[in-house]
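These are the residues of each chain, in order.
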Amino acid sequence: MDFLSENVYIDAGFQHLCESVFVRLCQIVGTSVQVAIRRETKDIAEMVDRRVADNDDIIKIESGSRREGFRLKGSDLDIMAWLNNHRVIWDMSQSEHYYTENKTLILSDSSESPPGFTLLELLTPTIYIEVQSACVPMNDRLYISSSLYRQQTQTHYFSGSIIHGPCESGEVPGGGEYDFARCFACDFWPLSASSWIDRCHSWPDREVVNEIVRNGCHFVPISHPLGLHEHEEWRISFSLAEHKLVHSMNHCQFLTYGLLKIFLKEVIDKQSKEINKLLCSYHMKTVIFWVIQQNAVPLWCPQNLLAGFWVCFKLLLKWVYEGVCPNFFIPENNLFLSKVHGSAQRKLFLELHGLYEKGLVCLLQSPSIKSYITNALYNPRLSICTNEDRIISECDHDKELFNEIYRNISYSPKNLDHCIKYLHTIELMIGEPLTQYQVLMLQRSTAEILQSTAFTLHSMFTNTGLNKHMYIADRMSYHMLKLAAKFGLISDMMYIAMFYCKTFRYREALCITEMIKVKLAQPGLMYMAHVDTERYTEAVGGQSWSTKMRQAVAHDITLNNHTCYINELTPEQQSTLQNKKVALVIPLFVLLHFVEFLCYRHIDTTLPQTALEELHSLVHHDQGLFVDDMDRDISWEILGICQQMTGNLQDALYSYRQSLTQYPLNKIQNVTQMRIQDLHIT
């Protein structure tokens with residue numbers, strides 16, 4: 001059957017329909033600006049982490065749809081991680097590129113594996129117990145078992161996690177799921193994927209191809225369902241290459257990819273239980289890769305968007321009919337081999353063909369875009385503006401930018417040398433070609449590293465008895481915090497207040513908290529995801545992002561657990577660090593009242609009660625505006641600490657118990673239990 005011969009007739013009515021769907025997809029998937037913000041801020045974050053990483057570190061990157069720029073409801077959080085000092089090679093000659101004194105080498109042996117899969121032979125010794133424990137002898141050689149490695153590296157980072165495919169999977173705080181895959185990295189492109197390079201005549205361009213090949217590939221711990229070595233085989237992963245390909249799409253192609261994902265979830269998977277989950281979003285990605293590369297769509301633009309979607313759908317239908325979905329990089333690897341065959345294949349084909357016979361009307365089954373299709377059909381003369389700047393407001397773009405920056409900055413240097421390494425890395429990156437979003441990301445990164453450096457430096461010289469050194473460290477720390485606040489957010493001033501409190505300058509700290517409160521009282525404040533769009537636009541609309549950050553934007557406070565900011569929170573920071581979380585996240589307004597409470601205790605005996613009452617009201621009655629549900633564990637904890645310090649042990653006990661009932665985002669349960677025991681002893 002030839003499903004690709006039919007063309008969608010393009011007329012004014014069809015273009016009108018395409019434009020309406022384009023507008024809706026920009027709202028659901030994002031405008032080109034929003035997508036660029038999501039990708040480029042993450043690019044910088046990962047670039048800094050990779051350059052700062054030591055040889056014995058574990059490298060972590062985000063993968064999957066979020067990394068590609070999607071923020072669809074229910075999208076998984078996909079993480080890949082690998083040992084930086086382990087590398088896979090394809091042949092022994094490649095070992096010359098490494099110093100075996102600091103790199104463990106692994107040889108890929110695909111001689112007995114299906115296309116896209118391989119065995120991994122351990123060539124040189126490893127000090128990591130999870131690798132050692134996963135090794136099995138075969139033919140007088142030592143191979144790393146994929147199934148054993150999955151078991152050895154399961155972290156149970158979130159409760160209820162399970163092994164799913166090559167990943168540890170579970171639910172993340174706030175909804176959604178995560179997939180965490182421990183893998184091995186290879187700096188070389190596989191020979192089995194060399195045909196892909198030869199196919200790249202028109203897309204992607206040569207520069208992208210070269211970059212993809214330079215970055216090599218990865219190996220994830222899952223075997224081929226029909227392979228000879230069920231527990232030992234590894235799958236070749238092209239996740240980094242796929243990111244580059246998706247990023248090289250134009251926006252209309254990316255929206256078409258998004259429409260395919262929506263169509264899968266809201267239409268195909270709803271047809272019948274028998275076909276639910278037979279197809280996945282990776283199949284949709286594979287379809288659009290092939291369609292773009294084969295030039296099957298002459299023009300990717302808003303007026304032709306549904307034509308691109310229809311070509312992709314017909315290719316998918318053809319694949320299901322034939323039972324073959326060729327992997328984009330290794331076409332011999334049939335992605336349908338284990339799931340789409342036999343009666344399931346026939347059932348899936350009949351369901352898809354039923355949708356195909358309806359034509360584009362089948363999209364009316366999608367709740368997300370139905371109204372935009374019907375509106376275009378019933379109002380054919382209604383003018384539709386596809387100008388992205390008018391689809392999403394300036395305020396919404398700003399919210400996207402500042403929240404992505406906040407989400408992606410999570411640097412926690414371990415000591416002063418590590419701080420200096422971060423600062424030097426950022427200094428070198430400033431001279432590189434950067435986009436406007438990446439410049440802003442580096443600006444925020446610099447502020448965060450300066451804050452960690454300031455407190456780390458000061459802690460090094462506290463109680464040393466070297467007054468001159470203490471004075472110099474004090475002045476340097478203050479100047480770093482002042483500099484960070486100068487080009488940072490409103491909330492960055494909070495670090496100065498904490499520094500003054502820590503160094504017994506309580507009145508100076510209170511002056512800073514008063515300044516912060518004045519700024520936070522502005523009607524145009526953007527706090528996390530909360531903002532009055534009209535007031536915000538009136539206050540800072542049209543101004544530079546740097547100006548907006550300083551004058552109208554605030555976020556929660558992140559404390560690097562490798563250094564001390566507030567003595568009273570040292571147990572919480574240590575508990576969080578012991579649970580492998582490098583940062584403690586505290587709602588800004590909670591921390592503000594906490595610092596005021598601590599400072600007032602040294603100035604006036606009546607004023608601490610006022611700060612405590614404000615903190616009490618905030619923690620008890622806030623509806624998620626200033627205290628997010630995910631941050632309530634530390635918020636109740638801080639309230640309990642303040643109540644215990646005033647001698648109100650009964651209320652403190654209640655607050656600590658409330659902390660234990662919250663989602664354990666900060667993983668402070670152990671220290672909370674200890675504080676409760678201390679109350680009972682008292």
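Thresholds applied
- Residues numbered from 1 in each chain as written.
- Predicted model: local features only at pLDDT ≥ 70, side-chain atom pairs only at ≥ 80, totals over all residues.
- Heavy atoms only, no water.
- Helix = DSSP H or I, 4+ residues; strand = E, 2+ residues; numbered from the N terminus.
- Rg over C-alpha atoms; globule rule 2.2 N^0.38 Å.
- Buried < 20%, exposed > 50% of the residue type's maximum accessible area, 1.4 Å probe, protein only.
- Contact = heavy atoms within 4.5 Å.
- Areas by Shrake-Rupley, 256 points an atom, 1.4 Å probe, with all protein chains shown as cover.
- Lys, Arg positive; Asp, Glu negative; His and termini not counted.
- Charge placed at Lys NZ, Arg CZ, Asp CG, Glu CD.
- Pairing = 2+ DSSP bridges.
- Patch = residues over 30% accessible without salt bridge, like charges linked within 9 Å, V, L, I, M, F, W, Y side chains within 5 Å.
- Salt bridge = Lys/Arg side-chain N within 4 Å of Asp/Glu carboxyl O.
- Expected span 1.5 Å × (residues − 1).
- Polar contact = N/O pair within 3.5 Å; in protein donor to acceptor, adjacent residues only side chain to side chain.
- Disulfide = S-S within 2.5 Å.
- Axes fitted to C-alpha atoms, helices over the stretch in contact; angles between N-to-C directions.
- Left-handed = near helix turned anticlockwise from the far one by under 90°.
- Nonpolar A, V, L, I, M, F, W, Y, C, P; charged D, E, K, R; others polar.
- Core = buried A, V, L, I, M, F, W, Y, C linked by side-chain atoms within 4.5 Å.
- Phe/Tyr/Trp six-rings, centres within 6.5 Å; stacked < 30°, edge-to-face > 60°.
- Lys NZ or Arg CZ within 6 Å of the ring centre and 35° of its normal.

Enquirer: Quick rundown of the overall build of the chain? Include the residues and the values.
Expert: On a plain count of helices and strands, the chain comes out with 28 helices and 16 strands. Its C-alpha radius of gyration of 28 Å places the chain within 12% of the 26 Å reference for a compact globule of 682 residues. Its C-alpha atoms give the chain principal-axis dimensions of about 85 × 75 × 50 Å. When burial is assessed residue by residue, the chain has 57% of its 682 residues classed as buried. Within the chain, counting contacts between residues at least 6 apart in sequence, those at least 24 apart form 69% of the total. For the chain, the computed accessible surface area is about 30100 Å², with 52% contributed by carbon and sulfur atoms. Averaging the locations of the 60 positively and 76 negatively charged side chains of the chain gives two centres separated by 2 Å.

Enquirer: Can you lay out the pairing of strand β11 (residues 234-237) for me, pointing to particular residues and giving the numbers?
Expert: When strand β4 (residues 117-122) meets β11, the two strands line up antiparallel, connected through two bridges. Across the sheet, T118 pairs through a bridge with W234, a residue of β11. Pairing analysis gives three bridges linking strand β10 (residues 217-220) to β11, with the strands arranged antiparallel. Note that in β11 the partner of F219 across the bridge is I236.

Enquirer: Pulling in residues and values, what's your account of a nonpolar patch on the surface?
Expert: Taken together, the side chains of Y471, I472 and M476 make up a nonpolar region of the molecular surface, amounting to roughly 320 Å² of accessible area. Tracing the backbone shows Y471 in helix α18 (residues 467-486). Residue classification places Y471 among the exposed positions, given a relative accessible area of 56%.

Enquirer: How would you sum up helix α9 (residues 251-266)? Please name residues and give values.
Expert: Here α9 contains 16 residues, and its C-alpha end-to-end distance of 22 Å stays within 8% of the 22 Å for a straight helix at 1.5 Å per residue. With 15 of 16 residues buried, α9 is to be regarded as a mostly interior element. By the N-cap criterion, in which a side-chain oxygen at the helix start approaches the backbone nitrogen of a residue two or three places on, α9 is capped by N250, the distance to C252 being 3.0 Å.

Enquirer: Break down the sheet that holds strand β12 (residues 526-527) for me, citing the residues and quoting the values.
Expert: Pairing between sheet strands relies on hydrogen bonds along the backbone, with the strands arranged either parallel or antiparallel. What the three strands build is an open sheet, ordered β13-β12-β14; its pairing is mixed. The open sheet has two free edges, formed respectively by β13 (530-531) and β14 (553-554), since each of these has just one partner strand. Relative to β14, β12 runs parallel, the two being bridged by two bridges. By the bridge assignment, Y527 is partnered in β14 with A554.

Enquirer: I'd like a rundown of the pattern of salt bridges, residues and numbers included.
Expert: With the rule as written, the count across this model stands at 27 salt bridges. In this structure, R407 and E62 form a salt bridge, with 2.9 Å as the shortest nitrogen-oxygen distance. One end of the pair, R407, is in helix α15 (residues 394-408); the other, E62, is in strand β1 (residues 58-63), and 345 residues separate them in sequence. With a shortest N-O distance of 2.8 Å, R444 and D492 are connected by a salt bridge. Within this pair, whereas R444 is found in helix α17 (residues 436-461), its partner D492 is found in the loop between α18 and α19 (493-502), the two being separated by 48 residues in sequence. You can call D492 buried: its relative accessible area is 3%. The structure contains a network of salt bridges with shared partners spanning K42, E62, R66, R71, E404 and R407.

Enquirer: Explain the state of the cysteines residue by residue, including any values.
Expert: For the coordinates displayed, the defined rule picks out zero disulfides. Here C135 stays free of any disulfide, with the sulfur of C183 as its closest cysteine sulfur at 17 Å. In this model C501 remains outside any disulfide bridge; the closest cysteine sulfur is found in C599, 3.8 Å from its own. With relative accessibility at 10%, the residue C501 sits in the buried group.

Enquirer: An account of the packing of α9 against helix α10 (residues 281-293) is requested, with residue identities and associated values reported.
Expert: At a closest axis distance of 9 Å, the pairing of α9 and α10 adopts a crossing angle of 145 degrees. The way α9 lies across α10 gives a crossing that is right-handed. Each of Q253, T256, Y257, L260, K261 and L264 in α9 lies in contact with α10, whose residues at this interface are S281, M284, K285, I288 and I292. Residue classes in the contact of α9 with α10 are distributed as six nonpolar, three polar and two charged.

Enquirer: Describe in detail the nonpolar core, supporting the description with residues and values.
Expert: Counting residues in hydrophobic clusters, the biggest one holds 104 residues, and the most contacted among them are I144, F184, L305, L306 and F329. The dominant element in this core, judged by the number of residues it contributes, is helix α11 (residues 305-322), at 13 residues. Ignoring anything within four residues of it in the chain, the contact list for L305 reads C18, V21, F22, L25, C252, L255, T256 and L259. Counting residues in each nonpolar core, the second largest holds 70 residues, with L510, Y565, L591 and C599 among its members.

Enquirer: Give a detailed account of the side chain of T118, specifying residues and quantitative values.
Expert: Mapped onto the secondary structure, T118 falls in strand β4. Here D109 takes part through its backbone oxygen, which lies 3.2 Å from a polar atom of the side chain of T118. With sequence-adjacent residues up to four places away left out, T118 is seen in contact with S108, D109, S110, S113, F219, E232, E233 and W234.

Enquirer: Can you explain a positive patch on the surface? Please cite residues and give values.
Expert: Where like charges cluster on the molecular surface, the positive patch consists of K73, K265, K270 and K277. Structurally, K73 is set in the loop between α3 (64-68) and β2 (77-89). Residue K73 is classed as exposed on the basis of its relative accessible area of 80%.

Enquirer: Give a description of the packing of aromatic side chains that names residues and reports values.
Expert: A full pass over the atoms with the stated rule returns 36 aromatic pairs. Ring geometry for W196 and F329: centres 5.4 Å apart, planes at 50 degrees, overall tilted. A residue pair is termed long-range when its members are at least 10 positions apart, and W196 in helix α6 (residues 194-199) and F329 in the loop between α11 and α12 (342-358) qualify at 133 residues. Of the two residues, W196 and F329, both sit in the buried class. Ring plane angle 85 degrees and centroid distance 5.9 Å describe the contact between F455 and F499, whose orientation is recorded as edge-to-face. One end of the pair, F455, is in helix α17; the other, F499, is in helix α19, and 44 residues separate them in sequence. Following the ring pairs from residue to residue traces out a cluster consisting of W189, W196, W203, F238, F289, W290, F328 and F329. Cation over ring: R39 sits above F254, and NZ or CZ is 4.6 Å from the ring centre. Taking the ring centre of F70 as reference, the NZ or CZ of K261 above it sits at 5.0 Å.

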